[in-house]
Amino acid sequence: MMRDFDDMDHQDQAHRAEHPKAHDERAKAGEKSRFYCAATLKGAPVPPREWLVHDLIPQNTVTLFGGDGGTGKSLLALQLAVAVATGREWIGKAVPKGNVIFISAEDDDAELHRRLDNILRAEGRTYDDLSGLILRSLAGEDALLAVDTQVKLMASELFKELDARAADEVPLLIGIDTLADVYPANENDRAKVRQFIGILRGLALKRQCAVVLLGHPSLTGISSGTGTSGSTAWNNSVRSRLYLSRIKDGSFEADPDRRVLTTMKANYGRIGGETHVKWKAGVFVLEPSEGGMDKMAAGAKAQRVFTKLLDTFTAQGRRVNHAGGTTYAPKVFAEHPDSEGMTKKALKTAMEGLLAAKKIKIETEGPPSKRRSFLARADQ
């Protein structure tokens, strides 16, 4: 049988009567208990989930945004900062308009300026639209946001400066690039990792904003495709983790300008979501996906197999062509022992893609009366 609030109130009063000393000591110390009965939530409106980017970046907590060096995570994060400051979409996703603080410990002011210029040009905006974006380059400076006292991590003077600026700006987003520059301890120390994320989450809660922390994955994280680094506490401590990666099959990369942003962890939504982007004219733009990462990976694999077999045949002095007949490349390659299971159809699609990308070319040989065409690598 459930008890009503009057019964609980009487019980609480009885408990206080039985333990007056403990209650009086708390009262003298000016303490106020933050424990509360769940039943008191009855009738109270349920607060809605707040997002900076729906299903990707929640508000009031820390999101870890990973990516190998050179993938473009810093650029994509700066594009997010501009999107929030201007109230525009970010790679096809709606974001609220508000102030932003973006700290970069990797890029100097000149590089930030160049990247901003490309972003504004691509979006048809001007610098007048960026009054809500506050930048700070820490390149070449002490960028630590915490101090390791060997007992626990403490907020650094730089962190206190950031907190004070956040109090003034009331940002919706604080971007921090990168983890390796701002974290003072061993990345494999679980306790210190949790303390550090706790410091940043305290900032997010206090200033009611999203904190996006950029980081590099370990070699294991890259090879496994998980994007993890150091202790598993990094993944476990944050509420959301994103990973920007290239689209490869082994070491083969069909298009070096394409990336996929994957939701690796989402406490408040589904994992595995993918957003495909492509680098164009200095910025990343949304690229519609026809079949997700699996289809793109299969296409990359087919192109890798096609070029591998083309190299093999060329080295053996055997010609294959693009038009048909007994030396039709997709047919001949599909029947080869090293085709890795690729079908004639998949290899034909790969051939067309490689021709369009000018990675392979059509050459001709023989006298004018008996010209024959054949395929060759464009760099040969």
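Draft legend 1. Spatial organisation of the overall build of the protein. Secondary structure assignment for the protein yields twelve helices and 15 strands. Here the protein, with 380 residues, has 41% of them falling under the buried criterion. Put simply, 62% of the contacts in the protein that link residues at least 6 apart link residues at least 24 apart. Surface accessibility of the protein: about 20,800 Å² in total, with carbon and sulfur atoms responsible for 51%.

Draft legend 2. Representation of the confidence of the model for the protein. Here the protein shows a mean pLDDT of 87. Residues at 70 or above account for 87%. Here residues 1–11 is modelled with pLDDT under 50, and outside its nearest four sequence neighbours on either side it reaches seven contacts, counting other chains as well.

Draft legend 3. A look at the pattern of salt bridges. Under the criterion given, the structure shown has 21 salt bridges. Its salt-bridge partner being arginine 114, residue glutamate 111 comes within 2.9 Å of it at the nearest N-O pair. Of this pair, glutamate 111 and arginine 114 both sit in helix H4 (residues 109–123), three residues apart, which is roughly one turn of the helix. On the basis of relative accessibility, which here comes to 49%, the residue arginine 114 falls in the partly exposed class.

Draft legend 4. Seen up close, the nonpolar core. In terms of nonpolar packing, the biggest core is built from 36 residues, with Ile57, Phe65, Leu80, Trp90 and Leu133 touching the most fellow members. Put simply, the parts of the chain that give this core at least two residues each are strand E1 (51–53), helix H3 (73–86), strand E4 (100–104), H4, strand E9 (210–215), strand E10 (240–246) and strand E13 (283–286). Per-element tally for this core: the top contributor is H3, with ten residues. In this structure, Val62, Ile101, Ile103 and Leu158 belong to the second largest nonpolar core, which totals 34 residues.

Draft legend 5. How the structure looks around the sheet that holds strand E8 (residues 173–177). One open sheet accounts for nine strands, arranged E5-E4-E8-E9-E3-E10-E11-E12-E13; its pairing is mixed. Every interior strand has two partners, whereas the edge strands, strand E5 (133–137) and E13, have only one. Each neighbouring strand pair of the sheet contributes to a mean axis angle of 20°, computed without reference to strand direction. Bridging between E4 and E5 involves five bridges; their strand directions are parallel. Across the sheet, residue serine 104 finds its bridge partner in E5, namely serine 137. Against the sheet, H3 engages strand E3 (62–67), E4, E5, E8, E9, E10, strand E11 (258–266), strand E12 (274–280) and E13, with an angle of about 160° to E4. Contacting E3, E8 and E9, helix H7 (residues 190–207) runs over the sheet at an angle of about 145° to E9.

Scoring rules and cut-offs
- Residues numbered from 1 in each chain as written.
- Predicted model: local features only at pLDDT ≥ 70, side-chain atom pairs only at ≥ 80, totals over all residues.
- Heavy atoms only, no water.
- Helix = DSSP H or I, 4+ residues; strand = E, 2+ residues; numbered from the N terminus.
- Buried < 20%, exposed > 50% of the residue type's maximum accessible area, 1.4 Å probe, protein only.
- Contact = heavy atoms within 4.5 Å.
- Areas by Shrake-Rupley, 256 points an atom, 1.4 Å probe, with all protein chains shown as cover.
- pLDDT = per-residue confidence, 0-100.
- Salt bridge = Lys/Arg side-chain N within 4 Å of Asp/Glu carboxyl O.
- Core = buried A, V, L, I, M, F, W, Y, C linked by side-chain atoms within 4.5 Å.
- Pairing = 2+ DSSP bridges.
- Axes fitted to C-alpha atoms, helices over the stretch in contact; angles between N-to-C directions.

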